[in-house]
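Take a look at the letters that make up each chain.
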Amino acid sequence: MNNHKSLVTVLSKRLMATLALSGCLLTGVQTLSWAQSNPGLTIFSGVENRNDILDYKLDFNGRPDFYGERMKLRVPSKKLTQGVSKFYISYLKNPEFDGKLDTDSVDVRVDKESVEIRNVYWDKESRVIEIDLKEPIEPGKKAEIVFSNVKNPSSGTYYFICDVLTSGQIPLRIYIGTWILSFSITN
């Protein structure tokens, strides 16, 4: 009888250990699949105010030099308090952004609805993408700028800085925040 109890105790301990290990492994796999759904935890970013780090999503995992990526750059409603008539997205000189953007495949969505774009201009020398909207976005709406058919840059971290031209009586160009995009083989 004692052998039976000790066998049950040993088996139940092994079962519990196996279940605990399986749970940890499944959590790790789930974390890997969400790796590019947002900027994640950034300890040392170079962006002074943590509230200025904007959310993004890379639909195809952000593999370096991959062609066909879709970048979704998100701007929360609390950042768009004055409305928007233009978006300016600039990026730093170092590291050099060697990716390619398809200016014909840019979409701006407000509350998940596409808005009409008058023009998208990419000045590669000045490292600025200008998105001119046909109609301004109302104040207090969230926006998502979607770049499709992107050729990802080389492995590294790239800072995309968002400014907007407000849609008020006196248009002002104001800083909204920064997307910190990471492209790496481990994604």
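Residues numbered from 1 in each chain as written. Predicted model: local features only at pLDDT ≥ 70, side-chain atom pairs only at ≥ 80, totals over all residues. Heavy atoms only, no water.

Draft legend 1. View of the nonpolar core. Met 71, Phe 87, Ile 131, Ile 145, Phe 147 and Trp 179 are the most contacted members of the largest nonpolar core, which has 34 residues in total. Not counting the four nearest positions on each side in its chain, Met 71 is found in contact with Lys 57, Leu 58, Leu 101, Ile 145, Val 146, Phe 147, Val 150, Phe 160, Leu 181 and Phe 183. (Core = buried A, V, L, I, M, F, W, Y, C linked by side-chain atoms within 4.5 Å. Buried < 20%, exposed > 50% of the residue type's maximum accessible area, 1.4 Å probe, protein only. Contact = heavy atoms within 4.5 Å.)

Draft legend 2. Here's a closer look at the packing of aromatic side chains. Taken as a whole and judged by the stated rule, the model has 6 aromatic pairs. Summarising the aromatic geometry, the rings of Phe 97 and Tyr 158 are spaced 5.8 Å apart at their centres and angled 90° between planes, so their arrangement reads as edge-to-face. Here the residue Phe 97 occupies a position in the loop between β4 (84-91) and β5 (106-110), and Tyr 158 occupies one in strand β10 (residues 156-165), the gap between them amounting to 61 residues. Aromatic rings pair up to connect Tyr 91, Phe 97, Tyr 158, Phe 160 and Phe 183 into one cluster. (Phe/Tyr/Trp six-rings, centres within 6.5 Å; stacked < 30°, edge-to-face > 60°. Helix = DSSP H or I, 4+ residues; strand = E, 2+ residues; numbered from the N terminus.)

Draft legend 3. View of the pattern of salt bridges. Throughout the structure, instances matching the rule amount to 14 salt bridges. A salt bridge links Arg 109 to Asp 107; the nearest nitrogen and oxygen atoms lie 2.8 Å apart. Residue classification places Arg 109 among the partly exposed residues on the basis of a relative accessible area of 24%. Between Lys 134 and Glu 116 there is a salt bridge, and its shortest N-O distance comes to 3.5 Å. Of the two residues, Lys 134 is situated in strand β8 (residues 128-137) and Glu 116 in the loop between β6 (113-115) and β7 (117-123); the sequence distance between them amounts to 18 residues. (Salt bridge = Lys/Arg side-chain N within 4 Å of Asp/Glu carboxyl O.)

Draft legend 4. Just the side chain of Glu 69, in detail. When you line up the elements, Glu 69 lands in strand β3 (residues 67-75). One buried charge, Glu 69, has no salt-bridge partner; the nearest side chain with opposite charge is Arg 63, at 7.0 Å. Those residues within four positions of Glu 69 in sequence are excluded, and the remaining contacts are Leu 58, Asp 59, Phe 60, Asn 61, Gly 62, Arg 63, Phe 147, Ser 148, Asn 149, Val 150 and Asn 152. (Lys, Arg positive; Asp, Glu negative; His and termini not counted.)

Draft legend 5. Spotlight on unusual backbone geometry. The omega torsion of the bond from Asn 94 to Pro 95 falls at -5°, within 30 degrees of zero and hence cis. Among the structural elements, Pro 95 can be located in the loop between β4 and β5. Positive phi, close to 60°, is recorded for Arg 127, a residue that is not glycine. Here Arg 127 is to be found in the loop between β7 and β8. Residue Arg 127 is classed as partly exposed on the basis of its relative accessible area of 26%.

Draft legend 6. Focus on the sheet that holds β5. With respect to topology, 5 strands assemble into an open sheet ordered β2-β3-β9-β5-β6, the strand pairing being antiparallel. Edge positions in the sheet fall to β2 (56-58) and β6, since each of these pairs with one other strand and no more. Each neighbouring strand pair of the sheet contributes to a mean axis angle of 25°, computed without reference to strand direction. Pairing between β3 and strand β9 (residues 143-151): 7 bridges, direction antiparallel. If you follow Val 75 over to β9, its bridge partner there is Ala 143. (Pairing = 2+ DSSP bridges. Axes fitted to C-alpha atoms, helices over the stretch in contact; angles between N-to-C directions.)

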